[in-house]
Structures are given as structure tokens and as C-alpha cells.
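# Understanding the architecture of this molecule
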Amino acid sequence: SLVIGFGATGQEAFEFLYEFATFIGPDRRKVPFKCYAMDEKMNTIAGFITSKMPEIVRDKELEMLSTKVDSEEFWGKVRDIIDQLNYVVITLNNDTVGLSLAVNLFKYALLHRTSKMPLIITLRCNDSTNEQRIDEVTAKLNDSITGCSGKMITIVPFGKEKDIYKCSTV
């Protein structure tokens, strides 16, 4: 998995992925887990994360990178891991940048991913005024490859107020 933006929501997403992805295999050993966490402020976050989850960091199940989403380092890492990913979680504070990144990752995966595994890109919506635009763009992209590319890549928005405050959610 790849978590982009490792603030409170990104850390919670990591904990969810870790908790629900680390199963015991048929050989009674833990199935391997790897998550890359990227944040432009990772240098100030990493110490806390290491003290909170020392074994996960020590065992290299979590690799933390301090980089911006428009950097050569970021896209180099994406190039290196694109075929290994099952999940990408985007939790940036800026919906415009987050949506642009989700679209670019979707297109990059469509062009360069050779893996037949599904790839789910989840995108955090921070501002309710952006919900409709995010829904329109993600629906259009998701529909564009349905049944024609043989690739299973999906963008799933989350954090929309109308979903958070439903009685069933609360």
C-alpha cells in the first residue's frame, strides 16, 4: 500500500490497512505487509511514528519518505512500486491537489502497471464544496476503463460529509 499525506487521517488509514491486511497464511506465518508513507513533512512526523510503532518500522513494514507529490523522488518511487500496490490512500489537505494526484496516479497505473491485481486509489475529500467535482471526475475515469482495458483500477472518494453523518455511519 501507499499512503500519501501522513497526518492524522493518513496514519489512521495505515493502521486500518495494517490491521486488516496482516493475516496468517496457510503456512501459519504472517502474510508479508508493506506500506510506503509519503509526506512532505515526514521529517517532523517520523520520530513520533517510530516511537509509536517501533516494531513495524524496524521490520520495514512501513517505509517513510519525506517528499512532495510533484517531485522526481516521488514519481521514481511510484515507478518502482506501481506493480506491487493494492491500495493507494491520498489524504492531502488540498482537494484540488489530491484530485489531480489521483487522476495522475490512475493514468500512470493504466499506462505502466503490468500486474493483474486490482488497484484501489482512495481519495480523501476535505471540503464539502468539492464533493460533486470529485464524484464527477472519479466516476468518469472509473467508467472509462470498465470492460475495455483488462485492468482493474478504481478511484474511490471518502470522507464526504453526506456519508460521514448518515445515521448508519454514526
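Computed from a predicted structure; not experimentally measured.

The helix and strand tally for the protein chain stands at 7 helices and 6 strands. Listed N to C, the secondary structure of the protein chain is β-α-β-α-α-β-α-β-α-β-α-β-α in terms of helices and strands. Taking all 170 residues of the protein chain together, 41% fall into the buried category. Contacts spanning at least 24 positions in sequence make up 74% of the contacts within the protein chain whose residues lie at least 6 apart. By element, 54% of the accessible surface of the protein chain is carried by carbon and sulfur atoms, the whole surface being about 10100 Å².

This part takes up the nonpolar core. Of all hydrophobic cores here, the largest spans 31 residues; its most connected members are Leu2, Ile4, Val88, Ile90, Leu105, Leu119 and Ile121. Of all the secondary-structure elements, those providing two or more residues to this core are β1 (2–4), β2 (35–39), α4 (72–81), β4 (87–90), α5 (95–112), β5 (119–124), α6 (131–144) and β6 (153–158). Sort the elements by how many residues they give to this core and α5 lands first, with 8 residues. With near-sequence residues (within four places) excluded, Leu119 lies in contact with Ile82, Leu85, Asn86, Tyr87, Val88, Ala109, Arg113, Met152, Ile153 and Thr154. Core analysis: the second largest hydrophobic core is formed by 17 residues, Phe6, Met42, Met53 and Leu62 among them.

Rules behind the numbers
- Residues numbered from 1 in each chain as written.
- Predicted model: local features only at pLDDT ≥ 70, side-chain atom pairs only at ≥ 80, totals over all residues.
- Heavy atoms only, no water.
- Helix = DSSP H or I, 4+ residues; strand = E, 2+ residues; numbered from the N terminus.
- Buried < 20%, exposed > 50% of the residue type's maximum accessible area, 1.4 Å probe, protein only.
- Contact = heavy atoms within 4.5 Å.
- Areas by Shrake-Rupley, 256 points an atom, 1.4 Å probe, with all protein chains shown as cover.
- Core = buried A, V, L, I, M, F, W, Y, C linked by side-chain atoms within 4.5 Å.

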